[in-house]
Every structure is written in structure tokens, then in C-alpha cells.
Amino acid sequence: MDYKNIVGQEQIKEFIRKTINMNIVSHAYIICGEKGSGRLDIAKLFAASLQCKSEYDLYDESTYNRPCGDCPSCKQMDGGNQPDVITVTTDKQSIGVDVIRQQVNNTAQIKPYAGPYKIYIIPEAEKMTEESQNALLKTIEEPPEYVIIFLITDNIGSLLPTVISRCIELNMKPLSQKVIVEYLMDNMNIPDYQAEASAFFAQGNIGKAIRFATDSSFITVRNDVIKVLKTIEDKGTDEIAAIVKNIKEEKYDIDDYLDMAILWYRDVLLYKALKDTSTLIFKEETKSVIKDAKVRSYENIELCIEAIERAKRRLNANVNFDITIELMLTTLKENI
């Protein structure tokens, strides 16, 4: 793990360098960004830098080379077995109080085995219950001097104000399309047309761009979305129910599915307004996009996009999946 592994996020990388170089480390950080933005990589980079045993001059930034990649700690980080960097895990839908007590609070008093710090990384911290957050708060408020906690989340609003107020926030920034295209072409040998399409879809998210370009299951989702939206006006009630059933059986990532649907209507809207096919993401479906643009009004297209975004909000609020998606698809069918 080194700075070259992180695409973009220069502000956060510079913050990490200065934090280490000036020795002004906090006990708790919130790294906020959407899934695929590289937030966990940032936490691991920070942890590796903190634990690195490379020597440097506090008064000479040119000597800073953490993480060095060569010391025992860095090699353990690369191998995923650094004993003083603990990732909190659970196989449940939420992170309950027992998880926090067993994996954090009950072990925090045990001093680090080898490094200067004992670091806890909590992915998907938004899944912590209120009780588990209050339990964690006790450790954040009065931690041993060697404990550092990283909370990884895509929804900082799900954390208690008392937790947020005791952490330093690091917010992941969306990457420019140019940065993503260059990364895909230069580092992954993705053809320019595919790199551009991937960057369009990703909307600043490097993880999504990589999956769009390389993940066969992601491409399957994309093709299924296109197939459904091209013929949605012809679907009856039973067929719409069958679509929902198929989404569940195939275990599609519903966020990807809905984001893809939004981009389809984005193409339809742009073509209707500009009559320019060069701006399309789904260039290979140009004829179908043009057809959709001809039969839908601006208001209809906007209502379709709103229906998809509403479905995303409802699913995040744990509203029934089948009802939410059936209602969304029915709205897409009727707005034509």
C-alpha cells in the first residue's frame, strides 16, 4: 500500500503526510465517501503510514517516505496480517453492541504487539446501532493513548452527533472524468471508448469505473437494465413482477441497477434536448435511445428519473423491496 495506489484524493493524502510528519495524530477519524470511492484504501494507507518503522526527520519533509513498503510492519500490511491493525467484522445486517464490545472495547486496553499504535478500522460504520455507537463513544472519549479508530461510511448522517463531534472528518471527493479515463487506459489497458463510457457511468467513483470496465457480472447487470428499459412500455403486471423476481434471484447490486437506469434516462433526456449522439453513454444503443426520446416528453423523462431516485431512498429506508421496485417499474411504464 502506497500513495500511488490511491487515485486522486490529493487533499486527503497531503493531510495524512502532514499528520505523520508533524506528529499531530487524533484518536478518531471518519472517512466519508460512497462505496467504491477508495475510502477503505485511504484508511489502510493512513494505518500503514502510522505503523511504518521507517525513520525520517520531523523538520525535513523531504525525508518523509511512509509507508516505506520494506519494513516488517509495511510487509504485514501488504499481506493483510498486521497484528496492530484490526478490521471490525460481522456477518449480520447491522453492527450490534456486542460486536463493538468484543472487537474494540474489550481489546483496546491491550497494548500494541509491535507498532506504536493499535488501530481499529470499522467499515460500513453507518450500520452501527445507536447502542453500539454509544458503546464505541466511551472508547473514543477516553481512549488509551495508542488507540486510533477509523470509521468508514457513506452516510455520516447515520452517526450520532456525539460521535461525529469527537472525530476528524475526511471526505472523499469525486474524481474528474479525465482522471478516471487516464487511469483505466494507462494502468488497466482499457480501450479509450470503453474507458470513457466507464468514467461516464462512474460519476467520479473510481471503483465503479473499474467494475464497469472489467467485471463480467457488472456488465450482465448493465445488459439486463437496457433490455428491461427498452421494452418497459410493453410489460404487463405479471412481467413486471417477473423482472423483480429476476433481480432478486440474480442477486444484482440494486444500487448499480438503479444507477444504470438513471443514466439510461439521462441519455434519453440529453438526446431529446441536444439531438447529439456524441454525448451518449449507451452509444451502442443509440437507436433505442432516440426511439425513447421521441415518445417521451421532457416531463415524462424527469418523472422516470424521480421514480428511480425515490426507489433508492425507499430501499435505503428499508421499505419492502418487491413493492418498491414494482412501483418504480410501473411508473416507468406509464410515463410514456
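Higher on the page you've got the structure.
Right, let's walk through the structure included here. A quick note: this is a predicted structure, and the numbers were derived from the prediction, not measured. (Residues numbered from 1 in each chain as written. Predicted model: local features only at pLDDT ≥ 70, side-chain atom pairs only at ≥ 80, totals over all residues. Heavy atoms only, no water.)

1. Digging into the side chain of Asp267
Item 1. Structurally, Asp267 can be placed in helix α12 (residues 254-274).
Item 2. On the basis of relative accessible area, Asp267 is assigned to the buried category, the value being 0%.
Item 3. Look past the residues within four positions of Asp267 in its chain and what remains in contact with it is Thr279, Leu280, Ile281, Phe282 and Val289. (Helix = DSSP H or I, 4+ residues; strand = E, 2+ residues; numbered from the N terminus. Buried < 20%, exposed > 50% of the residue type's maximum accessible area, 1.4 Å probe, protein only. Contact = heavy atoms within 4.5 Å.)

2. Let's talk about the sheet that holds strand β5 (residues 168-171)
Item 1. With parallel pairing, the five strands of this open sheet are ordered in space as β2-β3-β4-β1-β5. For this open sheet the edge positions go to β2 (85-87) and β5, each flanked by a neighbour on one side alone. On average, adjacent strands in this sheet sit at an angle of 20° to one another, irrespective of strand direction.
Item 2. Pairing of strand β1 (residues 28-32) with strand β4 (residues 147-153), which is carried by five bridges, proceeds in the parallel orientation. Its bridge partner being in β4, Cys32 is matched across the sheet by Thr153.
Item 3. Where helix α2 (residues 39-51) meets the sheet, it contacts β1, β2, β3 (118-122), β4 and β5, and its direction lies at approximately 165° from that of β4. (Pairing = 2+ DSSP bridges. Axes fitted to C-alpha atoms, helices over the stretch in contact; angles between N-to-C directions.)

3. Some words on the packing of helix α8 (residues 192-202) against helix α9 (residues 206-214)
Item 1. In contact at an axis separation of 8 Å, α8 and α9 are set at 135° when each is read in the N-to-C sense. By the angle between their axes, α8 is oblique relative to α9. In this structure, the crossing between α8 and α9 has a hand that is right-handed. Across the interface between the two elements, Gln194, Ala197, Ser198, Phe201 and Ala202 of α8 pack against Lys208, Ala209, Phe212 and Ala213 of α9.
Item 2. Looking at the contact of α8 with α9, its residues break down into six nonpolar, two polar and one charged. (Parallel < 35°, antiparallel > 145°, perpendicular 65-115°, else oblique. Left-handed = near helix turned anticlockwise from the far one by under 90°. Nonpolar A, V, L, I, M, F, W, Y, C, P; charged D, E, K, R; others polar.)

4. Overview of the pairing of β1
Item 1. The buried count for β1 comes to five of five residues, which makes it a mostly enclosed element.
Item 2. Two strands pair when backbone bridges link them, and β1 and β5 are joined in this way by four bridges, in the parallel orientation. Looking across to β5, one finds that Tyr29 is bridged to Ile168.

5. Here's the deal with empty space enclosed by the protein
Item 1. The final tally for this structure, using the stated rule, is one cavity of 30 Å³ or more.
Item 2. Considered as a void within the structure, the largest cavity measures approximately 30 Å³ in volume.
Item 3. Forming the walls of the largest cavity are Gln9, Ser37, Lys173, Leu175, Gly204, Asn205 and Ile206.
Item 4. Of the residues assigned to the lining of the largest cavity, the class counts are two nonpolar, four polar and one charged. (1 Å grid on protein atoms, 1.4 Å probe; cavity = no way out; pocket = protein on both sides within 12 Å on 5 of 7 lines; lining within 4 Å. Points joined across faces, edges and corners; volume = space filled by probe spheres on them.)

6. Quick look at the packing of aromatic side chains
Item 1. According to the stated counting rule, one finds seven aromatic pairs in the structure shown.
Item 2. When the centroid spacing of 5.0 Å and the interplanar angle of 55° are considered together, the rings of Tyr29 and Phe46 count as tilted. Taken together, the positions of Tyr29 in strand β1 and Phe46 in helix α2 put the pair 17 residues apart, joining distant regions of the chain. Note on accessibility: Tyr29 and Phe46 belong to one class, buried.
Item 3. Arranged with centres 6.0 Å apart and planes meeting at 20°, the rings of Tyr252 and Tyr257 form a pair that is stacked. (Phe/Tyr/Trp six-rings, centres within 6.5 Å; stacked < 30°, edge-to-face > 60°.)

7. A look at a negative patch on the surface
Item 1. On the surface, Glu299, Glu302, Glu306 and Glu309 cluster together into a negatively charged patch.
Item 2. Mapping Glu299 onto the fold places it in helix α14 (residues 298-316). (Patch = residues over 30% accessible without salt bridge, like charges linked within 9 Å, V, L, I, M, F, W, Y side chains within 5 Å. Areas by Shrake-Rupley, 256 points an atom, 1.4 Å probe, with all protein chains shown as cover. Salt bridge = Lys/Arg side-chain N within 4 Å of Asp/Glu carboxyl O. Lys, Arg positive; Asp, Glu negative; His and termini not counted. Charge placed at Lys NZ, Arg CZ, Asp CG, Glu CD.)

8. A short note on the layout of surface pockets
Item 1. Space inside the largest pocket adds up to approximately 1400 Å³.
Item 2. Here the lining of the largest pocket gets four residues from one element, more than from any other, and that element is α12.
Item 3. Looking at the lining of the largest pocket, its residues break down into seven nonpolar, nine polar and 15 charged.
Item 4. Approximately 290 Å³ is the volume attributed to the second largest pocket.

9. Here we look at α9
Item 1. Residues of α9 that are buried: Ile206, Gly207, Lys208, Ala209, Phe212 and Ala213.
Item 2. Against α7 (177-188), α8, α10 (216-230) and α12 lie the buried residues of α9.

10. A closer look at the pattern of salt bridges
Note that side chains of opposite charge can pair when their charged atoms are close.
Item 1. In this structure the tally under the stated criterion is 14 salt bridges.
Item 2. Linking Asp259 and Lys208 is a salt bridge whose minimum nitrogen-to-oxygen distance equals 2.5 Å. Residue Asp259 is found in helix α12, and its partner Lys208 is found in helix α9; the two are separated by 51 residues along the sequence.
Item 3. In this structure Asp259 comes out as buried when scored by relative accessible area, which is 13%.
Item 4. Of the charged contacts, one joins Glu285 and Lys230 as a salt bridge, the two residues approaching to 3.1 Å between their closest N and O atoms. In this pair, Glu285 sits in the loop between α12 and α13 (286-295) while Lys230 sits in helix α10, placing the two residues 55 residues apart along the sequence.
Item 5. Take Glu285: its relative accessible area is 16%, and that puts it in the buried class.

Any functional reading would require information that these geometric values do not contain.
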